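# Coordinates in review
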Amino acid sequence: MTDWTERANCRGTDPELFFSRRPGDAKRAKRVCAGCWVAEQCLRNQLEYELPQPGDGLETNMRLRDGVFGGLTATERFALQFPEEATRIRERERARSQRLLEYKRAKYAAMSPEERAAYRGKVDTPEKREAKRERDRRSAANKKATVAA
Ligand code: SF4
C-alpha cells in the first residue's frame, strides 16, 4: 500500500508556511491544500490526532492545536469538531474584549485634559506608524548594505 503523504501537495513546500503567524500565510497554505489529492485523508488524520487527551478540557484542546491541515486552520478544525464549544469560547472572548473596551473608555472619561493628552501621545497615530515604517526602511537598507559589503 502506498503512503498517502507521498501524494501530498505540500511535499517539498516549506512546512513553516503551514504554521506561520504572518498575515496571509494561512491563506497561502490553504491554497496549497486546495489542490491536494489527499486533503480528505489529511484532515481526517489530523482531527483524529487532535482529539482531546484524558484530562484536557476542550479549551485547552483548542489552544494546543496549530497549523493548517486539510485546508483548515486550527480554529476551523476545532469548530468543525466541537461547534457548540467553539461558539461558547468565541462569545466569551467577545464579552471579555467588550468589558476591556468599556473599562478603557471609563478610564479615559475620568482623566483630566492633561492626562488625556499624555495618553493620546502613547497610543498609535498615523504619524507614529509612518515614522516606524521609515525607521524600518532605513534599517533594511543598512542590513542590505552590510550584506553587500
Ligand atoms: S491537505 Fe494540505 S497539509 Fe494536508 S497533505 Fe494536502 S497539502 Fe499537505
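Residues numbered from 1 in each chain as written. Predicted model: local features only at pLDDT ≥ 70, side-chain atom pairs only at ≥ 80, totals over all residues.

This paragraph deals with the overall build of the protein chain. Looking only at helices and strands, one finds eight helices and zero strands in the protein chain. In the protein chain, the succession of helices and strands from N to C terminus is α-α-α-α-α-α-α-α. With respect to the principal axes defined by its C-alpha atoms, the protein chain has extents near 75 × 55 × 25 Å. Across the 149 residues that make up the protein chain, the buried fraction comes to 8%. (Helix = DSSP H or I, 4+ residues; strand = E, 2+ residues; numbered from the N terminus. Buried ≥ 20, exposed ≤ 12 C-beta atoms within 10 Å, placed from the backbone.)

As a further point, take the domain arrangement of the protein chain. Along its sequence, the protein chain is organised into domain 1 (3-82) and domain 2 (94-148). Here domain 1 and domain 2 have C-alpha centroids that lie 34 Å from each other. (Domains from an automatic or database assignment.)

Neighbouring the ligand are the residues Ala8, Asn9, Cys10, Val32, Cys33, Cys36, Val38, Ala39, Cys42, Phe69, Gly70 and Gly71. The residue makeup of the shell around the ligand, split by class, is nine nonpolar, three polar and no charged. (Near = placed C-beta within 6 Å. Nonpolar A, V, L, I, M, F, W, Y, C, P; charged D, E, K, R; others polar.)

All right, on to the nonpolar core then. Formed by Phe18, Ala26, Ala29, Cys33, Cys42, Val68, Phe69 and Leu72, the largest nonpolar core amounts to eight residues. A total of three residues in this core trace back to one element, the largest contributor, which is helix α2 (residues 25-34). Excluding residues within four positions of it along the chain, phenylalanine 18 makes contact with Cys10, Ala29, Gly67 and Val68. (Core = buried A, V, L, I, M, F, W, Y, C linked by C-beta atoms within 7 Å. Contact = placed C-beta atoms within 7 Å.)

The α-helix winds at 3.6 residues per turn, so residues separated by three or four positions along the chain end up facing the same way. Relative to the 39 Å expected for 27 residues at 1.5 Å per residue, helix α6 (residues 83-109) spans 39 Å between its end C-alpha atoms, a close match to the ideal helical length. With respect to burial, α6 is a largely exposed element, only zero of its 27 residues being buried. (Expected span 1.5 Å × (residues − 1).)

On the secondary structure map, arginine 92 appears in helix α6. For arginine 92, a count of 11 C-beta atoms within 10 Å translates into the label exposed. Along the chain, arginine 92 and leucine 43 lie 49 residues apart, while their C-alpha atoms are 27 Å from each other.

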